[in-house]
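Residue-level structural notes
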Amino acid sequence: AEKPVPGGKEVLVEFEDGIAWVQLNRPAKRNAMSVGLAHEMNEVLDALETDDRCGVVVLTGVGEAFSAGMDLKDFFRATDGLSDIERHRAYRSTRAWQWRTLMHYAKPTIAMVNGWCFGGAFTPLICCDLAVTDEKAVFGLSEINWGVIPGGVVSKAISTVMGDRQALYYVMSGEKFDGAKAVALGLANEAVPKEQLRARTAEIARTLLGKNPTVLRQARMAYKYSREMTWEQASEYLTAKVDQTNFVDPERGKEQGLKQFLDEKSFRPGLGNYVR
Ligand code: ACO
């Protein structure tokens, strides 16, 4: 029997040819993120990791927003009154999906920014591997505008993709900017007109689906972990990671690649994939 589709309340999932479109589903609240959404998103991402219908996750929003950030009512005000332990649990649930899970997810992830993207939404945006945005989407580190600092892990997350001058400018001014600017700032790979957003995102996802999934996973992990190591450690780790990749790859990709290029002369690695 087919597995049930995960989510269904504040998170919707749609499968399409190997792509799982994971949608924040609180359009009336501009997809502001509540405590309930965090719990549901953790279940959804956990389920998709071992679901064969999902080869790539696209994270996006229903309606006119990607996400208007943390829900000021159903996250902040709702947790302010809780005991310290209960509050800790709500924050942990948000931390879990927004960065811990996404950053080290077993499958490739693409954020598709379809509209408003504020504050806390920057964390899952940055922790997806790639991001494509509507050129007219509106972004902002709006925390300063309502009297808080970019918390959660937003300040840390932006420092991994934006330069200090740019990051501090937006942290301090709370000024909004558009999708084209988000690309210039390093927050997204590409900005496209709204009518091309889904097709372009699907095209990138299909490119990823064409790769050896084991090697693709190892390549993403190797990049993310080595970034925080010294050169000495990274060199040793990456050399070991190459061997480990070879060892765990059921496709024997490297052998195939070498054979097809050196012996059969049937493809050129500089120009495309080996035949899988
Ligand atoms: N938290 C709680 N409710 C929200 C949020 C939010 N972050 N964003 C929107 N909503 C709610 C509104 O309160 C409103 O609810 P109501 O219909 O029950 O009154 C509904 O969503 C629609 O919002 P509007 O403001 O009417 O929508 P509009 O399209 O005019 O504006 C915009 C959209 C610009 C996104 C605006 O809602 C906004 O500024 N939201 C807050 C953005 C923000 O600063 N988020 C917090 C970032 S900081 C952090 O995440 C830690």
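Residues numbered from 1 in each chain as written. Predicted model: local features only at pLDDT ≥ 70, side-chain atom pairs only at ≥ 80, totals over all residues. Heavy atoms only, no water.

**A closer look at the packing of aromatic side chains**
Going by this rule: Here a pair means two rings of Phe, Tyr or Trp (six-membered ring of Trp) with centres within 6.5 Å. Their orientation is stacked below 30 degrees between planes, edge-to-face above 60, and tilted elsewhere. The helix count covers DSSP runs of H or I at least four residues long, the strand count covers runs of E at least two residues long, and both are numbered beginning at the N terminus. Relative accessibility under 20% of the residue-type maximum defines a buried residue, over 50% an exposed one, and the middle range a partly exposed one, all with a 1.4 Å probe and only protein chains included. Ring-over charges, as used throughout, are those where CZ of Arg or NZ of Lys falls within 6 Å of the ring centre and within 35 degrees of the ring normal.
Inspection of the entire model under this criterion finds 10 aromatic pairs. Ring plane angle 65° and centroid distance 5.0 Å describe the contact between Phe75 and Tyr91, whose orientation is recorded as edge-to-face. With Phe75 in helix 2 (residues 72-80) and Tyr91 in helix 3 (residues 84-103), this pair connects stretches of sequence that are 16 residues apart. Among the residues examined, Phe75 registers a relative accessible area of 2% and is labelled buried. Among the aromatic residues, ring-to-ring pairing joins Phe122, Phe139, Tyr169, Tyr170 and Phe177 into one connected group. We note Arg198 situated over the ring of Trp21; from NZ or CZ to the ring centre the distance is 3.9 Å.

**Regarding the side chain of Lys241**
As a reminder, the rule being used: Working rule for contacts: check all heavy atoms of both residues, and any pair within 4.5 Å makes them a contact.
Mapping Lys241 onto the fold places it in helix 10 (residues 231-248). The residues contacting Lys241, other than those within four sequence positions of it, are Gln218 and Ala222.

**Some words on a positive patch on the surface**
The cut-off we apply is this: Each patch is built from residues that are more than 30% exposed by relative accessible area and take part in no salt bridge. Like charges join if they lie within 9 Å; nonpolar side chains (Val, Leu, Ile, Met, Phe, Trp, Tyr) join within 5 Å. The Shrake-Rupley method, run with a 1.4 Å probe, gives the accessible areas here. Residue values count only the displayed protein chains as cover. Salt bridge, as applied in this entry: a Lys or Arg side-chain nitrogen positioned within 4 Å of an Asp or Glu carboxyl oxygen. Charged residues are defined narrowly, with Lys and Arg counted positive, Asp and Glu counted negative, and His plus the chain ends left uncounted. By convention, the point assigned to a charge is CZ for Arg, NZ for Lys, CD for Glu and CG for Asp.
A cluster of like positive charges, contributed by Arg89, Arg92, Arg95 and Arg100, occupies part of the molecular surface. Along the chain, Arg89 falls in helix 3.

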